[in-house]
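Structural features, examined
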Amino acid sequence: MNVVTPIGQFASRRDVAVDGEHPRVVVADIASRPRGNARIITVANEKGGVGKSTLAFHLAVALADCGHKVLAVDLDRRQQSLSRALVARGGTAKRLGVRLPLPRELLLLQHSGAHLCQELARAGWDCDYVVIDAPGQDAPVVRRAIAMADMLVSPINPSFVDLGLLGQFHPVTHKLNGPGCFAALVLELREARAEAGLPQLDWLVMQNRKRRDASHNQGKVDSALRRLAQRFDFRVGAGLSERVAYRDLVLMGLTQLDLHRLPDLPRARSGANGEVRQLLDDLDIGHEIGGLLSRARLEQLRVKT
Ligand SMILES: Nc1ncnc2c1ncn2[C@@H]1O[C@H](COP(=O)(O)OP(=O)(O)O)[C@@H](O)[C@H]1O
Ligand SMILES: [Mg+2]
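A few points on the structure. (Residues numbered from 1 in each chain as written. Chains lettered and ligands numbered in written order. Predicted model: local features only at pLDDT ≥ 70, side-chain atom pairs only at ≥ 80, totals over all residues. Heavy atoms only, no water.)

1. Overview of the overall build of the protein
This is how the line gets drawn: Secondary structure counts use DSSP, requiring at least four H or I residues in a row for a helix and at least two E residues in a row for a strand, with both numbered from the N terminus. We call a residue buried when its accessible area falls under 20% of the maximum for its residue type, exposed when it is over 50%, and partly exposed in between, using a 1.4 Å probe and counting protein chains only. Contact criterion: two residues are considered in contact whenever any of their non-hydrogen atoms come within 4.5 Å of each other. For the accessible areas, the method is Shrake-Rupley and the probe is 1.4 Å, while residue cover comes only from the protein chains on display.
Counting its secondary structure elements, the protein contains eleven helices and eleven strands. Relative to its full complement of 305 residues, the protein shows a buried share of 50%. Here the contacts in the protein between residues at least 6 apart in sequence split such that 76% fall between residues at least 24 apart. For the protein, the computed accessible surface area is about 14,900 Å², with 52% contributed by carbon and sulfur atoms.

2. Digging into the pairing of strand β7 (residues 176–179)
Filter applied, for reference: At least two DSSP bridges between two strands are required for those strands to pair.
By the bridge criterion, three bridges tie strand β6 (residues 167–169) to β7 in an arrangement that is antiparallel. Its bridge partner lying in β7, G167 is registered against P179. In this structure, the hairpin formed by β6 and β7 is closed by a connection of six residues, where H174 is found at a positive phi of approximately 65°.

3. Here's the deal with helix α8 (residues 216–232)
For clarity, the cut-off: Between the first and last residue of a helix there are one fewer steps than residues, each counted as 1.5 Å, and that sum is the expected span. Directions drawn from the helix axis to the C-beta atoms are what define this arc.
Taking 1.5 Å of rise per residue, 17 residues should cover 24 Å, and α8 covers 24 Å from first to last C-alpha, within 8% of that figure. Along α8, the residues classified as buried are Q218, V221, A224, L225, L228, A229 and F232. Seen end-on, α8 carries its buried residues on one side only, within an arc spanning 145°. The exposed set on the far side of α8, more than 90 degrees from its buried face, consists of H216, R226 and Q230. A positive backbone phi angle near 60° is found at D233, which sits one or two residues after α8.

4. Thoughts on the site of ligand 1
What counts is decided by this rule: Residue proximity to a molecule or strand is established when one non-hydrogen atom of the residue lies within 4 Å of it. Polar contacts here mean pairs of N or O atoms no more than 3.5 Å apart (in protein, one a potential hydrogen donor and the other a potential acceptor; neighbouring residues in sequence count only if both atoms are side-chain atoms). Gly is placed with the polar residues, together with every amino acid not listed as nonpolar (Ala, Val, Leu, Ile, Met, Phe, Trp, Tyr, Cys and Pro) or charged (Asp, Glu, Lys and Arg).
Surveying the vicinity of ligand 1 reveals 14 residues, the closest of which are G49, K52, T54, R209 and S241. At 2.8 Å from an oxygen atom of ligand 1 is found a side-chain nitrogen or oxygen belonging to K52. Here an oxygen atom of ligand 1 and a side-chain polar atom of S53 are 2.9 Å apart. Elements represented by at least two residues in the shell around ligand 1 include exactly α2 (52–65) and α9 (244–248). Residue contributions to the shell around ligand 1 peak at three residues, all from α2. Residue composition of the shell around ligand 1, grouped by class: two nonpolar, seven polar and five charged.

5. Comments concerning unusual backbone geometry
Backbone phi values are negative for most residues with the exception of glycine, while trans is the configuration of most peptide bonds. Its identity as a non-glycine residue notwithstanding, Q80 has a phi of 55°, on the positive side. Relative to the elements of secondary structure, Q80 occurs in the loop between β2 (70–74) and α3 (81–96). At R209, a position not held by glycine, the phi torsion is positive, near 65°. Considering the arrangement of structural elements, one finds R209 in the loop between β8 (202–207) and α8.

6. Overview of α2
Compared with the 20 Å implied by 1.5 Å per residue over 14 residues, the 20 Å span of α2 between its first and last C-alpha is a close match. By the criterion of burial, α2 is predominantly enclosed, with 13 of the 14 residues buried.

7. Regarding the packing of aromatic side chains
Defined as follows: Aromatic rings from Phe, Tyr and Trp, with only the six-membered ring used for Trp, were paired whenever their centres fell within 6.5 Å, and each pair was classed as stacked if the ring planes differed by under 30 degrees, edge-to-face if by over 60, and tilted otherwise.
The full count for this structure, using the stated rule, is three aromatic pairs. When the ring of F160 is compared with that of F169, the centres are 5.6 Å apart and the planes differ by 85°; the resulting orientation is edge-to-face. Of the residues examined, F160 reaches a relative accessible area of 22% and is grouped as partly exposed. Take F169: its relative accessible area is 15%, and that puts it in the buried class. Each member of the aromatic cluster is reached from another via a ring pair, and the members are F182, W203 and F234.

8. Comments concerning the pattern of salt bridges
Here is the rule we go by: Whenever Lys or Arg places a side-chain nitrogen within 4 Å of a carboxyl oxygen from Asp or Glu, that contact is recorded as a salt bridge.
Within this structure, the stated rule accounts for 18 salt bridges. Here R24 makes a salt bridge to E195, at a shortest N to O gap of 2.8 Å. Placement of the pair is R24 in helix α1 (residues 23–32) and E195 in helix α7 (residues 181–195), with a sequence separation of 171 residues. The class of R24 is partly exposed, set by a relative accessible area of 45%. A relative accessible area of 51% places E195 in the exposed class. Between D258 and R89 there is a salt bridge; the shortest N-O distance is 2.7 Å.

Honestly, that's just the spatial picture; any functional story needs more than this.
And the structure:
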């Protein structure tokens, strides 16, 4: 048996259905169920530590800040980062006696696709958006969360190790040889959706923890990501920089967007708000966070007047 895949080739996903959850089976089940009106945004990438929970938290809070009803679903029952941040948010609001936009929170402890569908129907029936934070692994429930999404957002860190989940690059020449394991899964789920007559899954990949000083490595990562985007048909978002604001405020369940509601808190200048607004623009979500219009929304209004 050939156990080593030579450089330049890649093992197909087709024979690697997880626990019998082949993409076609997953999609057929989703297509057979009634679905609500909420737009589902799944934050997923088969790798841990890339910023999925950080991103899901900021996204859910930003959408709630715009006045949307949001259900935030944590599928990572081991780390529970999103749930913990949202519980902390409720506690902080209470302690400080302030009103903070609060997404509804759901931690899915029982990991079956059917259970996810049922819980979304129960807890998210009146929501505008459902934001799902997936654990960094391939599992049936993660496949389900990707297959049912209107939008898939995948953060990566700016490194060729992370790019390897999307594309297999030659280690020396950086020639693109084929899809990486996560891209192969998304492509198969997309194919299964197309076969089932479901709309195309909109896939946004964005870099997280970008350094603000341009480096040689960053340039190479940017160009590799553009090549991947063309080949595997995803959009590339502007991304988030490495910022203390994304890390430390989350411990209290806060984001930079909340600080204007907390007059006693020292307000450091940060570009975090602009980056989160840009993220909503990248997702084509019209928004008005904290009363401030996004650049895209301003453009729309300018065109109308
Ligand atoms: N843009 C960022 N700037 C600074 N720290 C970040 C940023 N994004 C994530 N982190 C930190 O990186 C670590 C992993 O992030 P997390 O969102 O938990 O990743 P994942 O959910 O993909 O495992 C956490 O300590 C988080 O605070
Ligand atoms: Mg996480």
